[in-house]
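Now for the letters of each chain:
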Amino acid sequence: MLKITDLHAGIEDKEILKGINLEVNAGEVHAIMGPNGSGKSTLSAVIAGKEEFEVTKGSVELNGEDLDEVSPEERAHKGVFLSFQYPVEIPGVSVTNFIKTAINESRKARGLEEMPANKMLKLIREKSELLDIDRRFLSRSLNEGFSGGEKKRNEIFQMAMLEPKLAILDETDSGLDIDALRIVANGVNKLKSKDNAVIVITHYQRLLEYIVPDFVHVLHNGKIVKSGGKELALELEEKGYDWLKNEAVV
Amino acid sequence: MAYTEEELKKELETKEYEYGFYTDIESDTLPVGLNEDIIIAISKKKEEPEWMTLWRLEAFKYWKEMEEPEWANVHYKKPDFQSISYYSAPNKKPKYNSLDEVDPELLETFKKLGISVDEQKKLAGVAVDIVMDSVSVATTFKKTLAEKGIIFCSISEAIKEHPELVKKYIGSVVPKRDNFYAALNSAVFSDGSFCYIPKGVKCPMELSTYFRINQAGTGQFERTLVIADEGSYVSYLEGCTAPSRDENQLHAAVVELIALDDAEIKYSTVQNWFPGDKEGKGGVYNFVTKRGLCEKNAKISWTQVETGSAVTWKYPSCILKGDNSIGEFYSIAVTNNFQQADTGTKMIHLGKNTRSTIISKGISAGKSQNSYRGLVQVNSRAENARNFSQCDSLLMGNECGAHTFPYIEAKNKTAQIEHEATTSKIGEDQIFYCNQRGIDTEKAIALIVNGFSKEVLNKLPMEFAVEAQKLLEISLEGSVG
């Protein structure tokens with residue numbers, strides 16, 4: 001599904017990603033771990049197509065198509081979803097109105113009619129129950145005055161509504177208490193299928209207890225320095241990142 | 001392609017006025033210039049009674065001694081008042097019974113504006129008194145209104161048919177010598193609308209008037225007078241679009257509202273005069289005086305969506321004379337390119353327990369300047385007066401400006417006045433967030449702007465809210481993508 005080859009990218013003159021190789025297939029869950037400043041969030045932004053970052057070398061392919069010239073909204077239409085680490089506020093635009101617009105824009109791009117209101121409402125009810133979201137929450141302005149947990153839950157709610165092919169969860173666990181973490185992870189697990197893939201970006205092993213990865217990659221200084229199975233995450237938890245840093249130098 | 005703020009700015013600059021066309025309708029125009037003879041000629045052309053002619057002449061006398069105000073935060077080349085033609089009426093001036101008789105070219109103009117008379121007729125419950133180049137050319141739904149005793153006609157007709165009402169109220173809220181432009185309007189007003197709602201009558205439909213400017217170099221001086229008698233209610237809509245012109249056009253309207261005891265007037269405006277091109281050339285000068293008077297327990301709400309004009313100078317105000325009266329002002333002002341807007345309101349609290357609410361939303365893009373100017377005045381006898389003001393500004397790009405000038409004068413210790421203000425900017429992060437959800441930049445801006453303006457859009461009558469939303473999109477992001 002996703003194939004990243006020797007990806008170099010940066011902002012202005014500063015190179016942040018220095019040759020990433022990663023392949024994610026349908027039905028897989030990949031975890032990307034690494035210390036602060038290793039390039040985790042840059043990688044997710046580059047996959048989503050944020051223009052601020054310049055790809056200087058290498059490629060990102062989605063189902064065989066090079067995404068270099070593809071705009072962020074077109075990537076979204078093709079099924080790329082990014083759960084933001086810091087979701088932005090849009091005052092005056094309700095959660096419902098926002099997701100309705102997002103769904104209909106994607107449908108329009110695929111040549112479909114707008115989703116009928118009753119169908120939309122049914123879908124919203126279904127997915128909000130899945131994530132234990134209060135009806136009143138849906139009429140609030142997007143992310144305005146939301147707690148950290150509410151913001152993240154709202155991200156996963158949007159993911160549930162949009163049913164992406166490739167979901168990237170950027171530090172979805174940060175700012176979540178244990179109950180919220182469980183609800184969010186549970187939601188993600190229910191959405192998982194053999195047709196879609198998930199990339200979980202995280203600092204800690206904690207989230208991976210709930211969303212169990214098939215592969216774990218360690219990102220350091222813009223490169224994947226180690227890959228392994230889920231047991232790698234436990235090893236990292238125990239030993240920290242320092243031993244890998246040394247290994248990378250060698 | 002995704003999108004940076006730089007590009008957004010560039011694209012906004014290239015936004016052209018969508019309604020830039022001109023209808024060639026024969027007009028009957030007076031020679032340029034302004035003197036007593038011209039005023040007498042206007043009055044004569046309109047077959048006015050002598051008292052009206054004298055009223056105009058008196059206003060002209062005041063105007064000659066007045067100077068153009070300079071306190072507003074706008075800069076423009078002052079109009080040469082002697083090079084303007086003060087009267088222009090469509091030549092064919094029949095009384096229509098049906099729309100089929102209306103000049104097809106005129107109907108075509110309305111069609112281009114997307115608010116054709118046909119369409120308007122279908123919008124059940126909306127009576128339209130269309131003012132094109134100063135003279136009413138079509139009036140509908142008159143009969144339904146007449147049954148309720150409601151008078152809704154052009155001001156010229158009212159001067160002839162209902163002189164007692166006009167004589168009593170015209171100039172009672174905005175006196176002839178109130179300000180430079182009001183005095184000019186009083187001297188030369190060409191036409192406008194008149195509305196009277198009798199005691200206890202709730203007007204069953206939204207009354208609406210569309211104003212156009214359609215003659216090169218013709219000033220437009222509308223005069224509107226709305227009187228809601230005791231216990232009555234009316235919702236009045238006014239909307240404007242104007243064809244594109246090279247030279248500046250002056251628009252100096254006066255609107256007076258009178259809400260007698262227990263009456264309520266809702267006055268909504270969507271204004272889209274030609275704003276000038278992207279270099280700041282051309283565009284309408286909009287110098288308007290709008291004011292309402294509230295008697296006991298009366299209520300006046302002004303709602304405005306201002307997207308057009310090169311220069312706007314406009315402060316719809318309420319004089320809360322009667323005890324327990326209420327004044328409201330809800331405004332969205334959008335400026336782009338080189339547009340300048342200095343707009344706001346005055347809430348004058350005279351009576352006891354008077355209340356006022358001000359919600360102002362300013363959106364600036366391009367190199368435009370957008371100012372809110374408001375006065376909340378509580379006089380010494382206004383016990384327990386309350387005011388709440390909220391002024392929010394949204395900026396797009398780095399070259400525009402947003403300014404807030406709130407004036408507060410409280411002469412009574414019991415007054416409670418609140419003022420809140422925010423300034424924000426549409427950020428790349430917000431746009432990227434929307435993009436990531438599959439919403440393109442054009443739609444994202446529309447979404448953000450509509451969210452920002454929601455509190456005010458919600459105050460508009462349904463059919464107007466849709467048009468206003470469309471206008472916001474056209475004014476800001478129509479060229480994007």
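Everything numeric in this text was worked out from a predicted model, so none of it was measured. (Residues numbered from 1 in each chain as written. Chains lettered and ligands numbered in written order. Predicted model: local features only at pLDDT ≥ 70, side-chain atom pairs only at ≥ 80, totals over all residues. Heavy atoms only, no water.)

**Observations concerning the overall build of chain B**
Across its full length, chain B carries 12 helices and 23 strands. Looking at chain B residue by residue over its 481 residues, the buried ones come to 63%. Contacts in chain B between residues at least 24 apart in sequence constitute 84% of all its contacts with a sequence separation of at least 6. Of the accessible surface of chain B, which amounts to about 17900 Å², a share of 48% is contributed by carbon and sulfur atoms. (Helix = DSSP H or I, 4+ residues; strand = E, 2+ residues; numbered from the N terminus. Buried < 20%, exposed > 50% of the residue type's maximum accessible area, 1.4 Å probe, protein only. Contact = heavy atoms within 4.5 Å. Areas by Shrake-Rupley, 256 points an atom, 1.4 Å probe, with all protein chains shown as cover.)

**Focus on the interface of chain A and chain B**
Listed as interface residues are 33 residues of chain A and, on the opposing side, 21 residues of chain B. Interface area for chain A against chain B, summed over the two sides, is near 2400 Å², with a carbon-plus-sulfur share of 64%. Among the residues of chain A in contact with chain B, A:Glu51, A:Glu73 and A:Phe84 are the three that bury the most area, contributing 22% of the side total. A salt bridge links A:Glu155 to B:Arg437; the nearest nitrogen and oxygen atoms lie 2.5 Å apart. Among the elements that line the side of chain A that touches chain B, the one with the most residues is helix H3 (residues 95–109) of chain A, at six residues. In terms of residue class, the side of chain A that touches chain B is made up of 17 nonpolar, nine polar and seven charged. (Buried area = accessible area lost by both parts, 1.4 Å probe. Salt bridge = Lys/Arg side-chain N within 4 Å of Asp/Glu carboxyl O. Nonpolar A, V, L, I, M, F, W, Y, C, P; charged D, E, K, R; others polar.)

**Regarding the sheet that holds strand S5 (residues 65–66) of chain A**
Across the sheet, which stays open at both edges, the four strands sit in the order S2-S1-S4-S5 (chain A) with antiparallel pairing between neighbours. Each edge of the open sheet carries a strand with a single partner, namely strand S2 (14–24) and S5 of chain A. (Pairing = 2+ DSSP bridges.)

**Structural notes on empty space enclosed by the protein**
Residues and elements named next belong to chain B. Inspection of every chain in the model, using the stated rule, returns nine cavities of 30 Å³ or more. In this model, the second largest cavity occupies a volume close to 110 Å³. Residue lining of the second largest cavity: 17 residues in total, with Ser 360, Gly 362, Asn 370, Ser 371 and Tyr 372 positioned closest to the centre. Grouping the amino acids of the lining of the second largest cavity by side-chain chemistry returns five nonpolar, 10 polar and two charged. (1 Å grid on protein atoms, 1.4 Å probe; cavity = no way out; pocket = protein on both sides within 12 Å on 5 of 7 lines; lining within 4 Å. Points joined across faces, edges and corners; volume = space filled by probe spheres on them.)

**A look at the packing of aromatic side chains**
Two numbers describe a pair of aromatic rings. These are the distance of the centres and the angle of the planes. Residues and elements named next belong to chain B. Applying the stated criterion across every chain yields a total of 21 aromatic pairs over all chains. Judged by centre distance (5.5 Å) and plane angle (35 degrees), the rings of Trp 71 and Trp 313 are tilted. Highlighted residues: Trp 71 in the loop between helix H3 (50–65) and strand S2 (88–90) and Trp 313 in strand S15 (residues 311–314), separated in sequence by 242 residues. Joined through ring pairs, the aromatic side chains of Phe 60, Trp 63, Trp 71, Tyr 76, Phe 81, Phe 180, Tyr 181, Tyr 285, Phe 287, Trp 313 and Tyr 315 make up one cluster. (Phe/Tyr/Trp six-rings, centres within 6.5 Å; stacked < 30°, edge-to-face > 60°.)

**Structural notes on the sheet that holds strand S3 (residues 29–33) of chain A**
Residues and elements named next belong to chain A. Read across the sheet, six strands follow the order S6-S9-S10-S3-S11-S12 without closing on themselves; strand pairing throughout is mixed. Among the strands making up the open sheet, the edge pair consists of strand S6 (80–83) and strand S12 (223–228). The sheet shows a mean angle of 20 degrees between the axes of neighbouring strands, taken without regard to direction. Examined bridge by bridge, S6 and strand S9 (residues 166–170) share four bridges and lie parallel to one another. Of the residues in S9, the one forming a bridge with Val 80 is Leu 166. Along the sheet face, helix H1 (residues 40–48) touches S3, S6, S9, strand S10 (197–202) and strand S11 (215–220) and points at about 150 degrees away from the line of S9. (Axes fitted to C-alpha atoms, helices over the stretch in contact; angles between N-to-C directions.)

**A closer look at the side chain of B:Ser368**
Residue position: B:Ser368 is located in the loop between strand S19 (355–364) and strand S20 (369–378). For B:Ser368, the side chain forms a polar contact with the side chain of B:Thr335, separated by 2.8 Å. (Polar contact = N/O pair within 3.5 Å; in protein donor to acceptor, adjacent residues only side chain to side chain.)

**Examining the domain arrangement of chain A**
In terms of domains, chain A is made up of domain 1 (1–34 + 49–76 + 200–239 + 242–246) and domain 2 (80–163). Placing the centre of domain 1 of chain A and that of domain 2 of chain A at their C-alpha centroids yields a distance of 26 Å. (Domains from an automatic or database assignment.)

**A look at helix H2 (residues 36–45) of chain B**
All names here are of chain B. Taken together, the buried positions of H2 are occupied by Ile 38, Ile 39, Ile 42 and Ser 43. Taken down its axis, H2 places every buried residue within 135 degrees of arc, on the same side. Of the exposed residues in H2, those oriented more than 90 degrees away from the buried face are Asp 37 and Lys 44. Contacts from the buried residues of H2 go to H3 and helix H9 (180–188). Near the N-terminus of H2, the side chain that reaches the backbone nitrogen of Asp 37, with its oxygen 2.9 Å away, is that of Asn 35. Following H2 by one or two positions, Glu 47 has its phi on the positive side, about 55 degrees. (Arc of directions from axis to C-beta.)

**Notes on the nonpolar core**
Among the nonpolar cores identified, the biggest contains 111 residues, and A:Ile4, A:Ile47, A:Phe98, A:Phe157, A:Leu166, A:Ile199 and B:Ile363 are the most heavily contacted of them. Of the residues that make up this core, three or more belong to each of domain 1 (1–34 + 49–76 + 200–239 + 242–246) and domain 2 (80–163) of chain A. If sequence neighbours within four positions are ignored, A:Ile199 has contacts with A:Leu2, A:Val24, A:His30, A:Ile32, A:Ile47, A:Leu166, A:Ala167, A:Ile168 and A:Leu169. Counting 53 residues, the second-largest nonpolar core is a separate cluster that includes B:Ile84, B:Ala158, B:Val166 and B:Ile227. (Core = buried A, V, L, I, M, F, W, Y, C linked by side-chain atoms within 4.5 Å.)

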